[in-house]
Structures are given as structure tokens and as C-alpha cells.
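Tertiary structure, described
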Amino acid sequence: MTMLKLIFRSLIATLLLAAILCGAYPLAVTAVGQLLFREKANGGMIHLKDGRIVGAKLIGQPFTQAKYFHGRPSAAGSAPSAPNGYDAANSSGSNLGPTNQKFADGLKSNIDAVLKENLALKPGEVPVDLVTASGSGLDPHISPAAAAAQIDRVAQARKMSVDEVKRLVEARIEGPQWGVFGESVVNVLLLNLDLDQQAPVAAK
Amino acid sequence: MSVRDTLQLVLFLVILAVSAAPLGIYMDHVFDGSKTFLSPLFGPLERLIYRLIGVDPGEDQPWSKYAIHLLVFSAVSLAFTYAVLRLQQVLPLNPAGQGPVVPHLAFNTAMSFTTNTNWQSYGGESTMSYLSQMVALALHNFLSAAVGIAVAVALIRSLARKEAKGIGNFWADMVRCNLYVLLPLCFIYAVFLLSQGVIQNYLPYQDVLTLEGAKQTIALGPVASQVAIKMLGTNGGGFFNANAAHPYENPTALSNFVQMLSIFLIPSALVYLLGRKVKNLKHGWAVWVAMALVFLVGVMICTHSEYQGNPIYTKLGCSTAANMEGKEARFGIFGSTLFATVTTDASCGAVNSMHDSFTPLGGLVPLVNIMLSEVIFGGVGSGLYGMVMFIILTVFIAGLMVGRTPEYLGKKIEGREVKYTMLAMVVMALSILGFTAWGSLDSAGLAALGNPTGHGFSEILYAYTSATGNNGSAFAGLSTNTPFWNLTLAFAMFFGRFFMMIPMLAVAGSMGKKRVHPGGEGTFPVDGPLFVGLLIGVILLVGALTFFPALSLGPIAEHFDMLRGQFYK
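Residues numbered from 1 in each chain as written. Chains lettered and ligands numbered in written order. Predicted model: local features only at pLDDT ≥ 70, side-chain atom pairs only at ≥ 80, totals over all residues. Heavy atoms only, no water.

1. Thoughts on the overall build of chain B
A count of helices and strands for chain B gives 19 helices and four strands. The C-alpha atoms of chain B give a radius of gyration of 23 Å, which matches the 25 Å a tight globule of 569 residues would have. Overall, the C-alpha framework of chain B stretches about 75 × 55 × 45 Å when taken along its three principal axes. Here chain B holds 569 residues, and 67% of them are scored as buried. When contacts within chain B are restricted to residue pairs at least 6 apart in sequence, those whose partners lie at least 24 apart make up 78%. Surface accessibility of chain B: about 17,600 Å² in total, with carbon and sulfur atoms responsible for 68%. The centroid of the 31 positive side-chain charges in chain B is displaced by 9 Å from the centroid of its 28 negative side-chain charges. (Helix = DSSP H or I, 4+ residues; strand = E, 2+ residues; numbered from the N terminus. Rg over C-alpha atoms; globule rule 2.2 N^0.38 Å. Buried < 20%, exposed > 50% of the residue type's maximum accessible area, 1.4 Å probe, protein only. Contact = heavy atoms within 4.5 Å. Areas by Shrake-Rupley, 256 points an atom, 1.4 Å probe, with all protein chains shown as cover. Lys, Arg positive; Asp, Glu negative; His and termini not counted. Charge placed at Lys NZ, Arg CZ, Asp CG, Glu CD.)

2. Things to note about the packing of aromatic side chains
Going through the model one piece at a time under the given rule, you end up with 35 aromatic pairs over all chains. When the ring of Phe 495 of chain B is compared with that of Phe 499 of chain B, the centres are 5.7 Å apart and the planes differ by 65°; the resulting orientation is edge-to-face. With a gap of four residues between them, Phe 495 of chain B and Phe 499 of chain B both fall in helix α18 (residues 483-513), about one helical turn apart. With relative accessibility at 28%, the residue Phe 495 of chain B sits in the partly exposed group. An aromatic cluster of three or more residues is present, and its members are Trp 178 and Phe 181 of chain A together with Phe 12, Phe 257, Phe 264, Tyr 272, Trp 285, Trp 288, Phe 295 and Phe 377 of chain B. In this structure, Lys 327 of chain B packs its charged tip against the face of Phe 358 of chain B, placed 4.1 Å from the ring centre. (Phe/Tyr/Trp six-rings, centres within 6.5 Å; stacked < 30°, edge-to-face > 60°. Lys NZ or Arg CZ within 6 Å of the ring centre and 35° of its normal.)

3. Some thoughts on the nonpolar core
Judged by nonpolar contacts, the single largest core of 178 residues is most densely connected at Met 174, Tyr 248, Ile 266, Phe 295 and Tyr 408 of chain B. Inspection of this core shows a minimum of three residues originating in each of domain 1 (3-38) and domain 2 (53-198) of chain A. In this view, Ile 266 of chain B contacts Leu 23, Met 27, Ile 149, Val 181, Leu 182, Leu 185, Leu 232 and Val 380 of chain B; residues no more than four positions away in its chain are not counted. Grouped together as the second largest cluster of nonpolar side chains are 45 residues, Val 54, Ala 104, Ala 149 and Ile 151 of chain A included. (Core = buried A, V, L, I, M, F, W, Y, C linked by side-chain atoms within 4.5 Å. Domains from an automatic or database assignment.)

4. So, the environment of Asn 323 of chain B
Residue and element names in this part refer to chain B. Structurally, the position occupied by Asn 323 is in the loop between α11 (311-316) and α12 (332-345). Distance in space between the C-alpha atoms of Asn 323 and Asn 250 is 20 Å, their sequence separation being 73 residues. Setting aside chain neighbours within four positions, we find Asn 323 in contact with Glu 306, Gly 309, Tyr 313, Ile 333, Ser 357, Phe 358 and Thr 359. Within the structure, the side chain of Asn 323 is placed 2.9 Å from the backbone oxygen of Ser 357, a separation counted as a polar contact. (Polar contact = N/O pair within 3.5 Å; in protein donor to acceptor, adjacent residues only side chain to side chain.)

5. Structural notes on the packing of helix α6 (residues 130-160) of chain B against helix α7 (residues 170-196) of chain B
Residues and elements named next belong to chain B. With their axes 8 Å apart at the nearest point, α6 and α7 run at an angle of 120° to one another. By the angle class used here, α6 and α7 are oblique. For the crossing formed where α6 meets α7, the hand is right-handed. Along its contact with α6, which presents Phe 142, Leu 143, Ala 145, Ala 146, Val 147, Ile 149, Ala 150 and Arg 157, the element α7 presents Phe 170, Asp 173, Met 174, Cys 177, Asn 178, Leu 182, Leu 183 and Cys 186. Class assignment of the residues belonging to the contact of α6 with α7 gives a composition of 13 nonpolar, one polar and two charged. (Axes fitted to C-alpha atoms, helices over the stretch in contact; angles between N-to-C directions. Parallel < 35°, antiparallel > 145°, perpendicular 65-115°, else oblique. Left-handed = near helix turned anticlockwise from the far one by under 90°. Nonpolar A, V, L, I, M, F, W, Y, C, P; charged D, E, K, R; others polar.)

6. Looking at the state of the cysteines
All names here are of chain B. Tallied over the full model, the rule gives zero disulfides over all chains. This cysteine, Cys 302, is not joined by any disulfide, and Cys 348 carries the nearest cysteine sulfur, 15 Å off. Using a relative accessible area of 0% as the deciding quantity, one classes Cys 302 as buried. There is no disulfide at Cys 348, and the cysteine sulfur nearest it, in Cys 186, is 12 Å away. Cys 348 sits in the buried class, given a relative accessible area of 0%. (Disulfide = S-S within 2.5 Å.)

7. Quick notes on the sheet that holds strand β5 (residues 185-187) of chain A
Residues and elements named next belong to chain A. Pairing within the open sheet is antiparallel, and its three strands lie in the order β3-β5-β4. Since the sheet does not close on itself, it has two edges, and those belong to β3 (141-142) and β4 (173-174), each with one partner. Two elements, β3 and β5, share two bridges in a ladder whose sense is antiparallel. Bridge assignment links Ile 142 to a residue of β5, and that residue is Val 186. In the packing of helix α7 (residues 188-198) onto the sheet, contacts are made with β3 and β5, and the angle to β5 comes to roughly 55°. (Pairing = 2+ DSSP bridges.)

8. What about the packing of helix α1 (residues 3-36) of chain A against helix α8 (residues 224-232) of chain B?
Interhelical geometry of α1 of chain A versus α8 of chain B gives an angle of 120° and a closest axis separation of 8 Å. The angle between α1 of chain A and α8 of chain B places the two elements in the oblique class. Residues Tyr 25, Pro 26 and Val 29 of chain A of α1 of chain A form the contact with α8 of chain B, whose participating residues are Ala 224, Ser 225 and Ala 228 of chain B. Tallied by class, the residues present in the contact of α1 of chain A with α8 of chain B amount to five nonpolar, one polar and no charged.

9. A short note on the pattern of salt bridges
Residue and element names in this part refer to chain B. Inspection of the entire model under this criterion finds 19 salt bridges over all chains. A salt bridge links Lys 277 to Asp 28, with the nearest nitrogen and oxygen atoms 3.2 Å apart. Taken together, the residues span a long stretch of sequence, with Lys 277 in helix α9 (residues 253-277) and Asp 28 in helix α1 (residues 3-32) at a distance of 249 residues. Given the relative accessible area of 8%, Asp 28 is considered buried. Residues Asp 60 and Arg 161 are paired through a salt bridge, measuring 3.2 Å at the closest nitrogen-oxygen approach. Separated by 101 residues along the polypeptide, Asp 60 in the loop between α2 (39-53) and α3 (63-86) and Arg 161 in the loop between α6 and α7 bring together distant segments of the chain. Linked by salt bridges that have partners in common, Asp 28, Asp 32, Arg 276 and Lys 277 make up one network. (Salt bridge = Lys/Arg side-chain N within 4 Å of Asp/Glu carboxyl O.)

Put into C-alpha cells, the structure is as follows:
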């Protein structure tokens, strides 16, 4: 068999296999996805009553206002387009190492900010997930402790009772999947949507 | 480790052990060419492919022919991927309007996916069109996995054969693996992923107005079909930049658990297949146990280090020092450390947390896993033939100790096999350490660093280790999308893939030719605790002797810096 023939055979094999593995296969998966899991397969977008798409259930977004629960610091994207991270077209972690001065400085300013915003919270009680950047920069969740740390602030900003806010938070806690896998988490966007529905606050 | 962590770990190992036999037996039938329950579905397609490419699947190829066909096929499919990447701007399915991939990046990426590495110098959602993802990249997720499995199967076959001329047929092994093993498993797996929330669409990126009124653009795409083969084929190339940390690639703790399992699924079944083919199931399980033990040690060290975390957290006011930097809340510490260990024991390289931000010893575990040649279950195919390499060395050393001709499965191990084995090992070490030295001295290398001093050195060491080991995970603070990095990494990937694969095919050829002698009293048994212990010892010793000096400059020194609160600008 000459080399030329072998190259030709390899090319035909590549194209044939591409047709099956990169054509038929993903199309079949797409068909199943669109038939059985349409909403999820298309990104799990959340529509408000007025039709506005306010985000995706699985994609975190930046929150800075006192009346909303805040998610984790995010290293996805950068200023000016995404000053607070959460650029969902540029997912990324901070990739800062454990002995990098920038890591220590960033951590300190995150902790200071959290303590300043949440006066009920004392040094030594700051939940670590609330002051560290996630791997994707799009983490939609925080730990129940990180949500609890913000309850007083949110209640005050919305003139709601602490118990009311606490109830909303507790309703949003998702335990470990099947009781075994992963950690307990709270979806920040869904929680904030609950708040807006329960106790609308006039936009500033 | 909490009780729940332990429960997950036990569950993980039990499912892995239970799945090994059925999948191993099924693969035995597939690669024998005998009928399986999928033959009515894929048989006609398989025969059509053979006819169109002019292959007689029954032709028994000698190892050299098998190797040449493998190399040419890899080269041609590499060129195909390069062409698609360069032309993506004029090809369809590009709703985000991505431009052409620049030449050095396209070369690096084509080499990366052809060698089953999936090192990514780019961010998927900001560089690749949907067509490039599906055709240029996912194609190699299938092909490189199938090629790796084919080599392992050819090696197993040769160990089981007596006085044989050939080692099998490359085209038949490769096509059968794709059609009967990878494709059906991926389809079922992709449907599971869809149920968990992994996306699958061809929509343009979605603009949304967030609750606070900011604009957010959400990248979309056909993700589920690609994630399935990315994990199952131990490829690891993420659809998105954040890989398996991205909520659209890995949305739930359950999808996380299944993704970790799917990395080890085929490698574990191949070990069973080895035992079955050579009619010594005990040997297969002995190898499996050796792998599981080293795996467990890695998980323990990594998990402990990340829970212990960094003293800076509590010093500045956090309630614990557990290191959540670069980790997702839904996975927590253990869901991240288990993933990091699994993905580097195998040659997968998908990441669900950023290894660059691990504590020094937590990050040492993935690094060392790759340095041990990824034989702890390992990559699909490459893990098994890498392990056979260490078994040959173990048997050889045992033979030297007792002063008898070493034998493996009744076949004499001679100078030829040991030379091929050592060639592969020396090339690995040379590529990792040589390139690391170069990258640490060259200003073009140092320009990429994302972290200072010792940690920066770890980034370089990790990059060339990952490339040579065909892993693809990274200390991702390193910005490698430059000509220097893209080219040196591409060559490291090439050396790591083919200077291990081809020598092992040569070993297959020479082992297949040998006569089988019935084992005597002096034969070193390959199925007991003594063998398991010696095998682990050899793996660790080779790794430690080669890499300890480099490790002590990087993560080990940094560990002490971290403990005494030393930070660097």
C-alpha cells in the first residue's frame, strides 16, 4: 500500500467518522434535549411577567445593592464591560495562588466589605465562600451560612422582618442531592426574585 | 473528611469495581469482532465504512504496520482540525461571529486534541464557533480516545497470544471502539446530562438585563453531546473556559459525581479486560487494587490539604480556613478534591475547580499524579499500556533481585522489551524537565506567569507535565496563548503521546511473538499482595527519583511559605 493511498484512506475515514460522531450524534442529542428537556437545554432562562429575560437559573449575576443577597466574588470578565465579574461569555476563576500578595489583598478587601455591609457579622464568623472567587466566576450559589450572614441587612433595606426574610432563605436552601452528593446551597438569583415578589421595593 | 465525603468515596469505588466486569466483557466481544446486542444497529454501518475505506478487518497487521497506519491517520485528522479552525469564520454555525484561530494557536489546539491532551490556550466561548467545537474538537475527543483504546487492546491481545505474527487490525479496532463503545455510552450519558441541566442548542448568545439592570451576555451552545465524550474519552477539553466548573457543563452535585465516575469507567474496565484476556483474572484485579490504593492516598492528601486550607483565611476573619478560592459552592471541598485527583490520575484534565488556587500540597497531588505517568486507572487506553510498562519494569526488577530471567504471564522479558520501556520513561522525564528548564529561563516563557516566585515555577512545571502526560489540566494563571508556549507545549504533547504509544506497540509486537512457558516455582507471581506492593513501589520510586528536586522548588517550598504567612508580589 503506497503512502498516498494510506493518506487518502485516512482522509475518507476522518470524514466518514466526522459525519457520524460530529453530525448525527450531536443532532440526536439535540433532538432529545429539545423534545424532553427543552427549557433546560436552551439555558434555563428566567422570564419575568412582562416578558423580560432577567437571567438564567444556573448562571450567577452580580449583586451590589443592599436589598439583594450578594453572590460570591467573581473573576469572570473584567472592567469596563464587567466591573463586578459574572461575565457569562468569559467564565474564569481568579487563578491566584495561595502565597500571592494579590490573593491576600483581595481577600482582605472582600472580608472588610462584607463586615462593613453586614454589621451583625463579627470578625471570625465570615463564611469563606462569600469572600472567595468561584472556579467559573458564574457560581449561582452561596452556602446557607453566607445567606444567613446577609439576612439582617436585606431585611433592613426592605423594611421586612428578619423572620420573614429568614423564611424565604430557608425555603431556598437546597440540601445535598439525594442526601449524599455535594453541599447545601442557596441560589442567589432565585432568592432575590422571591424577595422582589414578596416585598417589592421601588427602584431608585 | 466528613461522613458524607467518606460515603461518596466508598460509593465511587464500589460502582467503579462493579462496572468493570460487564463493560470489560462487552469490550472483549466488541474487539473480537463477535456479535453483540448492538450489531444489528451498527453492523451494516461498520461494514460500509470498511468498504468505503478499503479495509479488510480480518487482516492481522504486524506492529510496525499498525503503528504506521495509526500515525498517518493521526496526522491527517490533525490537519483536518487545523484547517477547520483556520477557516471557522467562513464556515457555518458561527452565531457569535468568531474570527479565524491564529496559526500558532490552531496548531497547538489541533495537536492538543489529536494527542488526547486537550490543553487549551484559549477560552472556548470567546474563541471557537459551534462548528469548531463540534467538528474540529469533538471529533478528536472520539478519535484520540479510540486510538488510545485500540493500542491498549492490541497490547492486551498480544500478551494473550502465542507465537503470533500480528497484533490486530488498527482500522477495525479504532472503528469498533467508536461505534460500539464510545458512541452508545455517550448518547445515554448525554441524555443524563441534559436531565441535570447541561445545555444543548445552537442558539446565539443570549443578552439579558440582570435584576440590578446590568447587561449580561450568556454564552450557549451544543454542550451536552461534547461533555459526554470529553469525560468518557478522558479528553477534558471544556466547551467553556471554566471547563467543568461552569454551571452549564456541570450543573449539579450528581452530574459532578457521574462525571468523575465516567473518567475512570473505561480505564477500569480495560484492567478487567487484561485479566480476562490473559486468563488470569486475579492479575487483573491485583493491578486494579494497586491503582485504587494509590488513588486513595492521593484523594486523602488533597482533601486534607484543602480542608486545612490557608491560615490567612482565619487570620483575616473567616470562620474556617477551608480553601474555597477557585471552587464552586455546589461541589464544596470534597467534590472538588476528588475531581482533581481523578482527572489527573487519568489523563482527563477536565477541571471543576482551579488547581492554580489550591493550597501547595493540594496542588501537589494533581501534579504528582500526572508525573506518575497517569497509570492510576489512567487515560482511556494510555493508562493501561502505561501500567503494563511499569509492570514490565517491576517484573524485571523482581527478576534481578532473585537472579532469574524475568517472566510476565509466562513470557520471558528480554532486553528488547526493557529497552522500549525505558525509552518511553526517559523521553517523558526529559520532555517534562527539559522544557520546564527552558520555560523557566526564557523571557518568553516567564512572560506568561500569573503568580510570582515559587508558585510561578509550579505553573511552568505543571504546564509541561500536563502537556507531556497528555492531561490538559493547568495551573491556569499561566497565559499560554503566545507562539513560545503554544509551540513548546505542542511538541511536549507530541513526545508524550507517540514516544509512549509507539514503543508500547513495539512491546506488543515482540510479546505476541514469544512462546509461553509454564510458570515454575521461581516465577514471580503477578497476582498477590507482594506484586501489588512492588508495583506501587516501582511507580512511586521512578516518580520520586525523577521529580523530587523539581517538586521541592515548587509546591513543597511554597507550603512552608504559606504556613509562615509569607506572601510574594
